[in-house]
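Here are the chains, one letter per residue:
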Amino acid sequence: MQFTFTAAAVVESDALVVGATEGPELLPAAVKADRASRGAVGRALVASRFTGKPGQCVEILAPAGLKVSRLIVVGLGKAGDFDAAAAEGLAAGALGRIKGGAETEVVIDLIGLKGAKVEGVELAAHLALGAKLKSYTFDRYRTKDLEDRAQTVKKITIATGEAAAARRAFARLEAVADGVFLARDLVNEPPNVLSPVEFARRAKGLAKLGLKVSVLGEAQMKRLGMGALLGVGQGSERESQLLVLQWNGSRKKTAAPIAFVGKGLCFDSGGLSLKPGNSMMGMKGDMGGAAAVIGTLRALAVRKAKVNAVGVIALAENMPDGGAQRPDDVVISMSGQTIEVLNTDAEGRLVLADALWYAQTKFKPRAVIDLATLTGAIMVALGSEHAGLFSNNDTLAANLTAAGKAAGEPVWRMPLGKGYDKLIKSKIADMKNIGGAHAGSITAAQFLQRFVQDKTAWAHLDIAGVAWQDGEQKPLIPSWSTGWGVRILDRLVADNYED
Ligand code: BES
Ligand code: MN
Ligand code: ZN
């Protein structure tokens, strides 16, 4: 899909999207359309009791007096409440209505909107971002109905007073959206195709964007003592991989990086603690954390973020063959701490234990943030509205909370504490990999914290509830996988870590 920004008053197009705030108070383009139609637009608004409330929408086909084949008047609500997320939702909603029609070009004109939380250049850029995020498709494995499913709209034009500046603002957002698309693609990809080695192979393709990509295989990980990570992949025919992505965009070449660590279970059968069939479905998405990390690094590279960042991604497949790890096994992690593995389905924390340790010892990062589809329990607590946030650092937690809110990927902080940590004491080793029946997301986070060095600012995002959507689709996410994590991390970096 092609995006253009124009300050020209008259723009030819197939479909035109105009707006009105509550009242309704028509914005200039809507007033103009009403005049050109000799009041027919206004009468249509009255007939459909349009008041300009957010989400309201009146669609007029082949309006007399106008060149466009479709006019869409959308309600913006109260100007003071209209923010970037509302702009994105508006454009996505309009695109959703037009898709499947004959129109290939759409113009969105909200020029003249005053007193909103997002205006001018930012408004134009976020309208385009909404349309872009909504345009995602994953049809690689379909051979039928491709024409019906295809994106019919090819070109979106945003009318704005400052076209050049809007184009620049959008270039930055489009880099982020392309990172989201990469993450969505990887999570949607079936597990017979996307093995750990294949994931790493695709990552190597990002080197052309200026990312440094390196991969450790099992032999190298063994030498480093990564017994926790290797134990997880031991029951799979496929080799585990540790993938490292580096973006060095800071002017200070040697500045300590921010580190992102991702859980990359290309498939989680549960291992010998096998999941029941219904719970196993969707476990191709258990690399959602890994996908968010690679998507973020891609976004940072494309928009040339002035930051040093590193992504450490633990890739493995949790399978139950004859060589598989057993419940009762004890493994030695790279940190030297021993772990009694009582449930092979609590594997995410095991791979992260070594990936976290590697990230800290190798890169001495300013902060470490891990993302993982770690526990079903976080879905019980937070559903799919928030990801769970755990942190040893109040500033980092506050920054992540703010970034999530601004980027449309909200997080909710959960507690950590000594009382919870006790729940993972083992009878024979330094810790066990499961807690009791309760507080499952917290005991998982406590486990991770044991692999965080005291001086390291660390946050853990449990994204099990937000990495994919089995129920209703969210407006900006027309796919099973969401690509969750790229937007919040990009925003966190932009607001706190760039030169
Ligand atoms: N990948 C799962 C967590 C998960 C569950 C993600 C459902 C998305 C949807 C994780 O590896 C897992 O199996 N966790 C167990 C931990 C338990 C055995 C302590 C869980 O949540 O049941
Ligand atoms: Mn599991
Ligand atoms: Zn898992």
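All values reported here derive from a predicted model rather than from experimental measurement. (Residues numbered from 1 in each chain as written. Chains lettered and ligands numbered in written order. Predicted model: local features only at pLDDT ≥ 70, side-chain atom pairs only at ≥ 80, totals over all residues. Heavy atoms only, no water.)

Trainee: Looking at this structure, how should I read the overall build of the chain?
Mentor: Looking only at helices and strands, one finds 17 helices and 18 strands in the chain. In summary, the chain has a C-alpha radius of gyration of 24 Å against a globular reference of 23 Å for 499 residues, a match within 12%. Each principal axis of the C-alpha atoms in the chain carries an extent, and together these give about 85 × 50 × 45 Å. Taking all 499 residues of the chain together, the buried fraction comes to 56%. Counting only contacts in the chain whose residues sit at least 6 apart along the sequence, the fraction spanning at least 24 positions is 78%. Accessible surface, the chain: about 20500 Å² in total, of which carbon and sulfur atoms supply 52%. Side chains of the chain give 60 positive and 51 negative charges; the mean places of these two sets differ by 4 Å. (Helix = DSSP H or I, 4+ residues; strand = E, 2+ residues; numbered from the N terminus. Rg over C-alpha atoms; globule rule 2.2 N^0.38 Å. Buried < 20%, exposed > 50% of the residue type's maximum accessible area, 1.4 Å probe, protein only. Contact = heavy atoms within 4.5 Å. Areas by Shrake-Rupley, 256 points an atom, 1.4 Å probe, with all protein chains shown as cover. Lys, Arg positive; Asp, Glu negative; His and termini not counted. Charge placed at Lys NZ, Arg CZ, Asp CG, Glu CD.)

Trainee: I tried to follow the coordination of the zinc ion (ligand 3) on my own but got confused; where do I start?
Mentor: Each pair of donors in an ideal octahedron of six around a metal sits at 90 or 180 degrees, and each pair in an ideal tetrahedron of four sits at 109.5 degrees. Bound to the zinc ion (ligand 3) are the protein donor atoms Lys263 (NZ), Asp268 (OD), Asp286 (OD) and Glu347 (OE), situated 2.0 to 2.4 Å from the metal. Within one chain, the residues donating to the zinc ion (ligand 3) are spaced in sequence as K-x4-D-x17-D-x60-E. If you look at the zinc ion (ligand 3) and the manganese ion (ligand 2), they sit 3.1 Å from each other and are both ligated by aspartate 268. Of this pair, aspartate 268 sits in strand 10 (residues 258-268) while glutamate 347 sits in the loop between strand 13 (338-341) and helix 12 (348-363), and the two are 79 residues apart along the sequence. The pair aspartate 268 / glutamate 347 is uniform in exposure class, with both members buried. (Donors = N, O, S within 2.8 Å, 3.2 Å for Na, K, Ca; no water.)

Trainee: Which parts of the structure should I look at to understand the side chain of glutamine 446?
Mentor: The topology assignment puts glutamine 446 in helix 16 (residues 440-449). Given a relative accessible area of 3%, glutamine 446 falls into the buried group. For glutamine 446, the side chain forms a polar contact with the main-chain nitrogen of glycine 417, separated by 2.7 Å. Sequence-distant contacts of glutamine 446, defined by excluding residues within four places in its chain, comprise Leu416, Gly417, Tyr420, Asp421 and Ile424. (Polar contact = N/O pair within 3.5 Å; in protein donor to acceptor, adjacent residues only side chain to side chain.)

Trainee: I would appreciate a short explanation of the sheet that holds strand 13 in the present structure.
Mentor: Taken in spatial order, the three strands line up as 12-13-17 in an open sheet, and their pairing is mixed. Two strands close off the open sheet at either side, each with one partner strand: strand 12 (329-332) and strand 17 (431-432). Where strand 13 meets strand 17, two bridges bridge the pair, whose relative direction is parallel. Bridging across to strand 17, glutamate 340 finds its partner in lysine 432. (Pairing = 2+ DSSP bridges.)

Trainee: Which parts of the structure should I look at to understand the sheet that holds strand 10?
Mentor: Strand-to-strand pairing in sheets goes through backbone hydrogen bonds, with the strands running parallel or antiparallel. Across the sheet, eight strands lie side by side as 8-9-11-10-14-18-15-16; this open sheet has mixed pairing. Each having just a single partner strand, strand 8 (212-216) and strand 16 (411-413) make up the two edges of the open sheet. For this sheet, the mean inter-axis angle between neighbouring strands, taken without regard to orientation, is 20°. Bridge analysis of strand 15 (residues 387-391) against strand 18 (residues 457-462) gives four bridges, and the strand direction is antiparallel. Bridge pairing in strand 18 places glycine 388 opposite aspartate 462. (Axes fitted to C-alpha atoms, helices over the stretch in contact; angles between N-to-C directions.)

Trainee: Before we go on, may I ask you to explain the domain arrangement of the chain in this structure?
Mentor: Interface size is often expressed as the accessible area that is lost when the parts come together. The domain boundaries assigned to the chain delineate domain 1 (2-175) and domain 2 (194-496). Look at where the C-alpha atoms of domain 1 and domain 2 centre, and you get two points 38 Å apart. Contacts between domain 1 and domain 2 engage 11 residues on the former and 11 residues on the latter. Here domain 1 and domain 2 share an interface that buries about 1000 Å² over both sides, 56% of which is from carbon and sulfur atoms. At the boundary of domain 1 with domain 2, the tally comes to two salt bridges. The residue arginine 172 makes a salt bridge to aspartate 490 at a minimum N-O spacing of 3.2 Å. Scanning the region where domain 1 abuts domain 2 turns up two residue pairs in polar contact (both at pLDDT 80 or more). Within the residue set of the side of domain 1 that touches domain 2, elements represented by two or more residues are helix 3 (84-98), helix 4 (120-134) and helix 6 (163-188). Here the element with the most residues in the side of domain 1 that touches domain 2 is helix 4; it accounts for four residues. (Domains from an automatic or database assignment. Buried area = accessible area lost by both parts, 1.4 Å probe. Salt bridge = Lys/Arg side-chain N within 4 Å of Asp/Glu carboxyl O.)

Trainee: So what exactly am I meant to see when it comes to the site of ligand 1 here?
Mentor: Every one of the 17 residues lining ligand 1 counts as a neighbour, but Lys275, Asp286, Asp345, Glu347 and Gly376 are closest to it. Separating an oxygen atom of ligand 1 from a side-chain N or O atom of lysine 263 is a distance of 3.2 Å. Take leucine 374: an N or O atom from its main chain is 3.4 Å from a nitrogen atom of ligand 1. Look at ligand 1: alone it shows 510 Å² of surface, and the protein chains cover 77% of it. Along the lines of polarity and charge, the residues of the shell around ligand 1 split into six nonpolar, four polar and seven charged. (Near = heavy atom within 4 Å. Nonpolar A, V, L, I, M, F, W, Y, C, P; charged D, E, K, R; others polar.)

Trainee: Would you mind showing me how to read the packing of aromatic side chains here?
Mentor: Two measures describe an aromatic ring pair: the distance that separates the ring centres and the angle between the ring planes. Applying the stated criterion to the full structure yields seven aromatic pairs. Seen in terms of ring centroids, phenylalanine 138 and tyrosine 141 are 6.0 Å apart; in terms of plane orientation they differ by 50°. Their pairing is tilted. For tyrosine 141, a relative accessible area of 44% gives the class partly exposed. Measuring from ring centre to ring centre gives 5.1 Å for tryptophan 468 and tryptophan 480, while their planes differ by 15°; the resulting arrangement is stacked. (Phe/Tyr/Trp six-rings, centres within 6.5 Å; stacked < 30°, edge-to-face > 60°.)

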